[in-house]
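Secondary and tertiary structure notes
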Amino acid sequence: MTLTETIELSDGDLRLHVLPERGLDVGNAWFGDTQIAWMSPLGELRWQGDFARSFGGGLVTTCGLRNVGVASEGQPQHGWYSSLPARDVAVERGAAGARIVEADVPGETLELTRRIRLGGGGVSIADVTRNPGRRAVPAPLLYHVNLLWDALEVDSDHVVPRDDDARAGDWRSVGPPGPERVYEHVGASRAVVTRRDLRVTVTSTLPRLWQWIHPDYGVLAIEPANCSVLGRAHDRAEGRLPVLAPGEERVTELHIAVDSQ
């Protein structure tokens, strides 16, 4: 179950693990002596067949490239991305890059080129997703940024609970033990998470921002996305399903800054 390769990147006080076997996602992360990433009981591990048995947490888990949220239209929960190995991995001081291919043969193909760079007390991820095929392909994407937390500030216009469980709780606090809670922060451009004497600021170029809380684990996830978390059939019915046309490419960026208060 354990990974055969982990790349450690560091810059100043920031140190993190990059996971080539999990699509060049980011595993555990620290700022100085303080852990900032939430890790599930599974920890950093190889793909185990589905998302629930393979979700190790970590600073960034990518969801997509053809489904986000609940299983939909033959695609699994949160898609296949986290099961895909990175190809052509290149590492230099404070940076790593790779190419990830998601495909059904015969069928749809999407290719993602990723560049991770540390600097200025933060980490940036730049992704270019391309459709090399001859047909349009649904292309939802979500960055699952998993954090330990004490407090949260979001500059949203308003907050929309996903369901009754979310409506029964408060997005500002972990709350008592119970089911997960999910909220959409409409109009938000950033989220600021406080952990002890540290402040973690999450920004992205994606148009939507979701929040996940699981009280049983004390975890908070900030989730920049271009889609809902209800699966691609839901987005298709609403006329909001992201799609890449043949030959089209999309550039997305995620930035996570860490500083002392």
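Residues numbered from 1 in each chain as written. Predicted model: local features only at pLDDT ≥ 70, side-chain atom pairs only at ≥ 80, totals over all residues. Heavy atoms only, no water.

Focus: the overall build of the chain
Counting its regular elements, the chain contains 2 helices and 20 strands. In terms of overall size, the chain behaves like a compact globule, its C-alpha atoms giving a radius of gyration of 17 Å where 261 residues would be expected to give roughly 18 Å. The proportion of buried residues among the 261 residues of the chain is 53%. A fraction of 61% describes how many contacts in the chain between residues 6 or more apart in sequence connect residues 24 or more apart. Positive and negative side-chain charges in the chain, numbering 27 and 36 respectively, have mean positions lying 4 Å apart. (Helix = DSSP H or I, 4+ residues; strand = E, 2+ residues; numbered from the N terminus. Rg over C-alpha atoms; globule rule 2.2 N^0.38 Å. Buried < 20%, exposed > 50% of the residue type's maximum accessible area, 1.4 Å probe, protein only. Contact = heavy atoms within 4.5 Å. Lys, Arg positive; Asp, Glu negative; His and termini not counted. Charge placed at Lys NZ, Arg CZ, Asp CG, Glu CD.)

Things to note about the environment of G239
In this fold, G239 is placed in the loop between α2 (232–238) and β19 (243–244). Sequence separation between G239 and G120 is 119 residues; the distance between their C-alpha atoms is 39 Å.

A look at the sheet that holds strand β11 (residues 142–148)
Strands sit in the order β5-β11-β18-β17-β14-β13 across an open sheet of 6 strands; the sheet is antiparallel. Two strands lie at the open edges of the sheet, namely β5 (61–63) and β13 (158–161), each paired on one side alone. Between one strand axis and the next, the sheet turns by 25° as a mean value, whatever way the strands run. As paired elements, β11 and strand β18 (residues 219–225) share 5 bridges and run antiparallel to each other. (Pairing = 2+ DSSP bridges. Axes fitted to C-alpha atoms, helices over the stretch in contact; angles between N-to-C directions.)

Examining the environment of E92
Topologically, E92 is positioned in strand β6 (residues 87–92). When the C-alpha positions of E92 and L9 are compared, they lie 8.9 Å apart, and in sequence the two are 83 residues distant. Residues in contact with E92, not counting those within four places in the same chain, are L9, R115 and R117. A distance of 3.4 Å separates polar atoms of two side chains, one belonging to E92 and the other to R115. (Polar contact = N/O pair within 3.5 Å; in protein donor to acceptor, adjacent residues only side chain to side chain.)

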